[in-house]
Amino acid sequence: MMPLDYDILRFLWWALLGILLIGFAVLDGYDLGTAMLLPFVGETDAERRQVRETVEANWEGHQVWLILGGGAAFAAWPPLYAASFSGFYIAMLLVLVTLILRPVGFTFRDKIAEPRWRNSWDWALAISGFVPSLVFGVAFGNLLQGVPFSFDADLRLDYTGGFFGLLNPFALLSGLVSVAMLATQGGTWLALKTDGAVAERATRIASVAGLVAAGLFVLGGMWIAFGIDGYAISGTISHTGPSNPLGKTVVRAQGAWLDVYTIHRLLALAPLLGFAMPLAASLLVARRAHLSAFIASSLGIAGIIATAGISMFPFLLPSSTHPEVSLTVWDSSSSQLTLFIMLIAVLLFLPIVLFYTGWALRVMRGPVRLADVEHSEDRY
Amino acid sequence: MIDPGVVELSRLQFALTALYHFLFVPLTLGLSLLLAVMESVYVMTGRKIWKAMTKFWGTLFGINFAMGVATGITMEFQFGTNWAYYSHYVGDIFGAPLAIEGLMAFFLEATFVGIFFFGWDRLSRPAHLAVTWLTGIGANLSALWILIANGWMQNPVGAQFNVQTMRMELTSFEALLFNPVAQAKFVHTVSAGYVTGSVFVLAVSAFYMLRGWHVQMARRSMTVAASFGLASALSVVVLGDESGYTATLDQKMKIAAIEAMWETQTPPASFTLFGLPDTADHATHYKIEIPWLLGLIATRSLDRPVEGIEDLVSQGVTRIQSGILAYRALETLRGTPGDAAARTVFDAHVRDLGYALLLKRYTPRVVDADEAAIRRAANDLIPDVPVLFWSFRFMAGLGFYFIVLFALAFYMASARRLDTRWFLRIALLSLPLPWIAAELGWIVAEYGRQPWVVEGVLPTDLGVSSVSKGAVIGSLVGFVVFYSTLAVIDVMLMLRVIRRGPAAPSEV
């Protein structure tokens, strides 16, 4: 009946979720990174305007990668969307509040020419860059360890963790990896797009942040190998069965997250990129090869996110208290019909989106020089 | 067991954040197209005043757009944070239009809105005009997909319950897409947005005319708003009627509640223009009625009845009893999926499964429900009649008022009498009215659907997440404080921009 088998559709949607997250972290990642660094790389009002103008025209479109990622999780992985958003309730609302600060911060800041007003919005923007970066990393750190939840017979979720349980050492380390990674992305972007003192400061920050990202990523990898338990499905699971997470058995074992790399050695390319590219970005930005540094940083982001996804495959959200009800690719998706229709929608529209995103970036191409922004007025 | 406190708080939070979001959406819908129209005139005539107008209204649009985007993210998060069981139960269907909205519409408007503001000096005139149109088209397509999602909650077509996954699953994407309720709601909602945009432009321009400020620009803006607004106001009322008609096919209780019609009348039913609905003795006092009108609007016929609340409650009792059979069969099938007898019973009664779920509020074991519990659950099918009765009447009254307002504005513009002061005062005072109408419309549509979150499929209280009451109180208080602060800043900035006025045409 359907031109694509259920297991293939599930696999493709797992990959697509990863691609959407990477798209978000690369494109909106430089906006978040830039916002995070705003008060530090820009000292005067004109310098801060220069910083904001590197992202102001395009960030809004980039943000849709996150919105679409949320929508795609809702449509393709409803149990994952339901469990993660309600389980991480307070963390999600924290992200939400800071994400709300972004559109209003950008639009409202220049409407009033009073230093206190503008300074407050600059810090609001910095928070709107820092908090989501941190929380998304912390969330991944918790996914890798599993979170405490189970289901009743109606598949109603019972989540037994709290907010402070999310702030465990490994998760905080993951949070810092994410912050360093996006600071590198923002720093290399600013080094590429600006001139003068802003570019100098951004270069210094990016070269340090890249080193930190690579170092913490390795530390996280060691922790996964020797510290926290991974999960594995024991016995067989049908890849085309109904989406009901109650029908399997799961074991926990130290280092289980790394098993996949011994089976498919080529996949080790992902962690390799995740380590080498932030390092390369750090070295390249210090040598003033700004475009290469930005590309390296972007590849590093792709490597780091892919590493998390590939290590956990086929798990999406493991349960630490009831491992057998963990959400996996094979038992937590939408129906075959929904996955198929959504795939068609993505194949139809994502190329168009990429085309006009590229066009919009081309329209705004070229450096933002301090001299150009010193006398320009509010443009929103 | 579900904590009723969490249900009430989650509903309050969703209602407040949705109503707040909907303060910004209609203006975005309307103003985005008005900007495109104004800029089109600029590109075609080359007259700079039209560029100055586009930029000025564009600044106000930008402030509003930021708030709309910001508060829209809340909505997407909230299905997951506060309505996790809803997301599990219907995500297979409801998630799809939300995701397509992102892909097809939100990407479009969000990418081009930045270029609208920052691309003036970087693009040719026609290219910039295309950007403005694409922003407006994106905003309107966004409304289409959101209303396809919402239309499914009102009229859940193209889906069926899957025993193995314990949720509703999509069976026909075409049915979801071409849901008549969704189509009618879309046109009604975007037209209401165009009315909002037009009233906004008309009222602010009237303020300038009264003060004698920026008269050239204000006069032209009013002319555009008058023509666009008149067409839109007519369309809102005509298509509002269309959504009334489609609602009678699937949401009979909503119509009966709006009309406070307790008993089924001999067709064609009369329309109650005014009355005092009494929920205690199920009657409406001091009625002023227009004979035949309701029957004509709701059924487009003279002989089909519009069913009253009492009859619908009795039908509810029957459906709950039928639903219990489906629920019992479901319990059997969960244990032994191959049980053919249970499967036959289940298939025969599955369309009433949602009605059995209404019992969960009164008994932990649905299949053991007694007559009293069934009676109470059936009575829960009645929404808040006085609120619906009055919300609908004020909304509809405002709808007709907008037709008169824009007809008058159109006449004044054609007769070159736009500087008539009494007319300008009326136009200025009309400023808050489209927002009131839009919020009332949301209340009729969503509050009128209660006790269902998905009509006939899932009761609202079951949709809630398993989160603690404390967490929801915390988030609710947070939203109220944060959103109130933003509202104050938003209005303050809007007023500042309006007071400053547009730049002179020579400066743009």
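Note that the structure is predicted; figures quoted are calculated from it, not measured.

Calculation notes
Residues numbered from 1 in each chain as written. Chains lettered and ligands numbered in written order. Predicted model: local features only at pLDDT ≥ 70, side-chain atom pairs only at ≥ 80, totals over all residues. Helix = DSSP H or I, 4+ residues; strand = E, 2+ residues; numbered from the N terminus. Rg over C-alpha atoms; globule rule 2.2 N^0.38 Å. Buried ≥ 20, exposed ≤ 12 C-beta atoms within 10 Å, placed from the backbone. Pairing = 2+ DSSP bridges. Core = buried A, V, L, I, M, F, W, Y, C linked by C-beta atoms within 7 Å. Domains from an automatic or database assignment. Axes fitted to C-alpha atoms, helices over the stretch in contact; angles between N-to-C directions. Parallel < 35°, antiparallel > 145°, perpendicular 65-115°, else oblique. Left-handed = near helix turned anticlockwise from the far one by under 90°. Contact = placed C-beta atoms within 7 Å. Nonpolar A, V, L, I, M, F, W, Y, C, P; charged D, E, K, R; others polar. pLDDT = per-residue confidence, 0-100. Expected span 1.5 Å × (residues − 1). Bend = angle between axes of the 7 residues up to and from the residue. Arc of directions from axis to C-beta.

Below, the discussion takes up the overall build of chain B. Helices and strands together make up the secondary structure of chain B, namely 17 helices and six strands. Radius of gyration (C-alpha) of chain B: 25 Å, near the 23 Å computed for a compact globule of 508 residues. If one aligns the C-alpha atoms of chain B with their principal axes, the spans along those axes are about 80 × 50 × 40 Å.

From N to C terminus, chain A includes 13 helices and six strands. By the compact-globule yardstick of 21 Å for 380 residues, chain A fits well, its C-alpha radius of gyration being 21 Å. Projected onto its principal axes, the C-alpha positions of chain A cover 65 × 40 × 40 Å. When burial is assessed residue by residue, chain A has 58% of its 380 residues classed as buried.

Residues and elements named next belong to chain B. Burial along strand E2 (residues 167-170) is two-sided: the residues Arg167 and Glu169 and Met168 and Leu170 are all buried. Judged from the four bridges that link them, strand E1 (residues 159-162) and E2 form a sheet pairing that is antiparallel. Bridge assignment links Ala159 to a residue of E2, and that residue is Leu170. The antiparallel hairpin formed by E1 and E2 contains four residues in its connecting segment, where Met166 sits at a positive phi of about 55 degrees.

Counting 290 residues, the largest nonpolar core has Ala99, Leu202, Ala356 and Leu458 of chain B as the members making the most contacts within it. Per element, the largest residue contribution to this core is 23 residues, and it comes from helix H3 (residues 84-118) of chain B.

Another aspect to go through is the domain arrangement of chain B. Per the domain assignment, the segments making up chain B are domain 1 (4-251 + 390-500), domain 2 (261-299) and domain 3 (309-379). On a C-alpha basis, the centroid separation for the pair domain 2 of chain B and domain 3 of chain B is 32 Å.

To continue, consider the packing of helix H5 (residues 89-108) of chain A against helix H6 (residues 115-145) of chain A. Residues and elements named next belong to chain A. Remark: H5 packs on H6, axes separated minimally by 8 Å, with the N-to-C direction vectors making an angle of 150 degrees. With respect to H6, the axis of H5 lies roughly antiparallel. The two elements H5 and H6 cross, and the hand of that crossing is left-handed. Along the contact surface, H5 presents Ala91, Leu94, Val95, Thr98, Leu99, Leu101, Arg102, Gly105 and Phe108, while H6 presents Trp121, Ala124, Leu125, Ile127, Ser128, Val131, Pro132, Val135 and Ala139. Considering only residue class, the contact of H5 with H6 consists of 14 nonpolar, three polar and one charged.

In this section: the interface of chain A and chain B. Accessible area lost upon the coming together of the parts is a frequently used measure of interface size. Facing 62 residues of chain A, the contacting portion of chain B comprises 59 residues. Listed by contribution, the elements that provide at least two residues to the side of chain A that touches chain B are helix H3 (59-76), helix H4 (78-87), H5, strand E2 (157-159) and helix H12 (336-363) of chain A. Sorting elements by how many residues they give to the side of chain A that touches chain B places H12 of chain A first, with 13 residues. Among the residues forming the side of chain A that touches chain B, the class breakdown is 42 nonpolar, 13 polar and seven charged.

With that settled, the discussion passes to the confidence of the model for chain B. This prediction gives chain B a mean pLDDT of 94; 98% of its residues lie at or above 70. With a pTM of 0.94, the predicted complex shows an ipTM of 0.94.

Right, let's talk about the environment of Gly138 of chain B for a bit. Residue and element names in this part refer to chain B. Turning to its location among the elements, Gly138 is positioned in helix H4 (residues 125-154). Judged by local crowding, Gly138 falls into the buried class, with 20 C-beta atoms found within 10 Å. Once the C-alpha coordinates of Gly138 and Leu108 are considered, the two residues, 30 residues apart in sequence, prove to be 5.2 Å apart. In this structure, Gly138 is in contact with Ala105, Leu108, Glu109 and Phe112, ignoring residues within four places of it in sequence.

All names here are of chain B. An ideal rise of 1.5 Å per residue puts 51 Å on 35 residues; helix H2 (residues 48-82) measures up with 50 Å between its terminal C-alpha atoms. In H2, a bend of some 30 degrees at Glu76 exceeds every other bend along the element. Of all 35 residues in H2, 31 are buried; the element is thus mostly enclosed.

Time to look at the packing of helix H1 (residues 6-41) of chain A against helix H8 (residues 196-226) of chain A. Residues and elements named next belong to chain A. At a closest axis distance of 10 Å, the pairing of H1 and H8 adopts a crossing angle of 120 degrees. The orientation of H1 with respect to H8, classified from their angle, is oblique. Crossing handedness for the pair H1 and H8: right-handed. The segment H1 lies against H8, with Leu37, Phe40 and Val41 engaging Val198, Arg201, Ala202 and Ile205. Each residue belonging to the contact of H1 with H8 can be placed in one class, and the counts come to six nonpolar, no polar and one charged.

Our focus in this paragraph is helix H13 (residues 371-379) of chain B. Residue and element names in this part refer to chain B. Burial in H13 covers these residues: Ile374, Ala377 and Ala378. Each buried residue of H13 lies within a common arc of 100 degrees when the element is viewed along its axis, so the set occupies one face. Buried residues belonging to H13 abut helix H10 (309-335).

Residues and elements named next belong to chain B. Going from Pro267 to Pro268, the amide bond is cis rather than trans, its omega being -5 degrees. That bond from Gln450 to Pro451 is cis: its omega, 10 degrees, falls within 30 degrees of zero. Mapping Pro451 onto the fold places it in the loop between helix H16 (433-447) and strand E5 (452-454). Despite not being glycine, Arg416 shows a phi value in the positive range, around 55 degrees. Within the element layout of this structure, Arg416 appears in the loop between helix H14 (385-414) and helix H15 (421-429). Since 9 C-beta atoms lie within 10 Å of it, Arg416 is described here as exposed.

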